[in-house]
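# Topology and contacts: notes
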Amino acid sequence: MNSKFLPASPCNKHAKFRSVFLCLSVVLLLAGGMHDAGAIQDNQKNYSSLPRVTKQIILAKIKEIETTDELDESVSAQLLELYRKTLSHLEAKSSYDETARGYIHDRKTADKTALQLRKKILKVTGRPPAAALRITEKTPLPEIEQQLLTEKANLAAVEAKLADVEQQLNLQHDRPTAIHQRLIDAKRSQEEIAKALRLPPAADEMPKLQEARYWLKESQAFAIQAEIKMLDQELLSLPMRLELLKAKREYLHINIERIGARVQILQEMVNQKRRMEAERTITEAEEAQREVEGKHPLIEQLAQDNAMLSEEIKTLTADMDRISASNANMELETKHITDEFNRTRQKLKLAGLDQAFGQMLLEQRR
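Residues numbered from 1 in each chain as written. Predicted model: local features only at pLDDT ≥ 70, side-chain atom pairs only at ≥ 80, totals over all residues. Heavy atoms only, no water.

### Quick notes on the overall build of the protein
Each helix and strand counted, the protein has 8 helices and 0 strands in total. Listing the helices and strands of the protein from first to last along the sequence gives α-α-α-α-α-α-α-α. Across the 366 residues in the protein, those meeting the buried criterion constitute 30%. A fraction of 83% describes how many contacts in the protein between residues 6 or more apart in sequence connect residues 24 or more apart. (Helix = DSSP H or I, 4+ residues; strand = E, 2+ residues; numbered from the N terminus. Buried < 20%, exposed > 50% of the residue type's maximum accessible area, 1.4 Å probe, protein only. Contact = heavy atoms within 4.5 Å.)

Right, here's the structure in full:
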């Protein structure tokens, strides 16, 4: 355990301070104090004998309190509260340590990953979007429709990833200022906890509570120290992570364009197949109607009904073509509005304009 956090013990003081301690003891005795010099010395616990607080120690202490009834109920409640707070600080320390390791890993690998993504972009853009499709003119309509659904699902997934990357990029622009402020606050808290750790325990408090309070302060010190290291690593890794996010954004943009092109190709093929099937159905209905001319009236009526249904199919197919074209135009317009909104929001952010103006843009986007 770091000795600078431990309270000084009277036993370790220089010989010249021992006389002062004895004088104070005499004064306390003359004043009718309840504790003599030996009692005060005992109450000021020598924390150097304590093990460094760990999650295992605290869990064992909690289990001990919960499975025994040797202590007073109020004391047990205080100890449980202190132990649980200590456990919370230790878990926070573990989380900070893990995040810091992630930032250290990013510093080592982010640039390499960004370079690999840009190589993928060059490789992908050298191939036509339709090369990934496994269809021909003879491919059945249901199979083409299935591929269309798959590509649309892929497009939605990639667009969601792009939105997430854009959000991360926006957040990272404000992180340096927030990190610097948090570092100032954390270092101030670290100094305050270090002072508290050097203070002697309350003389009238039982040893278990003194021990629990010390471990709570110690766990706070560990957590803040881990947080400071994590924030330092976040700052150091920020340029590399930003470069990687920009490469991801570029790669996702390219993918969206290419998947969108495949969606359009498949949609046109589906529309064409549907038109062809509708025309074939109409032709077959007309032939069937000619064949039943002069036959039983019921058969003629069925043939006429079939011909009418064929005409309805033709009309519905034409409507579906128009709807598909309209949807494609709406998607393009939505993308244009979204891109324009993001660019304008970034300009406002850089210019520092007020929130009301931003709200107006939000309304315009809607």
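### Describing helix α3 (residues 55-67)
The end-to-end C-alpha distance of α3, which contains 13 residues, comes to 18 Å, matching closely the 18 Å that a straight helix rising 1.5 Å per residue would cover. Among the residues of α3, those classed as buried are I58, K61, I62 and I65. The buried residues of α3 all sit within an arc of 100° when viewed along its axis, so they share a single face. In α3, the exposed positions angled more than 90 degrees off the buried face are occupied by Q56, K63 and T67. (Expected span 1.5 Å × (residues − 1). Arc of directions from axis to C-beta.)

### Examining the nonpolar core
Counting residues in hydrophobic clusters, the biggest one holds 30 residues, and the most contacted among them are V53, I58, I62, L79, Y83 and W215. Broken down by secondary-structure element, the contributors of at least two residues to this core are α3, α4 (73-125), α5 (141-198) and α6 (207-291). Per-element tally for this core: the top contributor is α6, with 11 residues. Discounting residues that sit within four places of it in the chain, Y83 has contacts with I58, K61, I62, I65, K208, E211, A212 and W215. By size, the runner-up hydrophobic cluster in this structure holds 20 residues, among which are L133, L141, L252 and V270. (Core = buried A, V, L, I, M, F, W, Y, C linked by side-chain atoms within 4.5 Å.)

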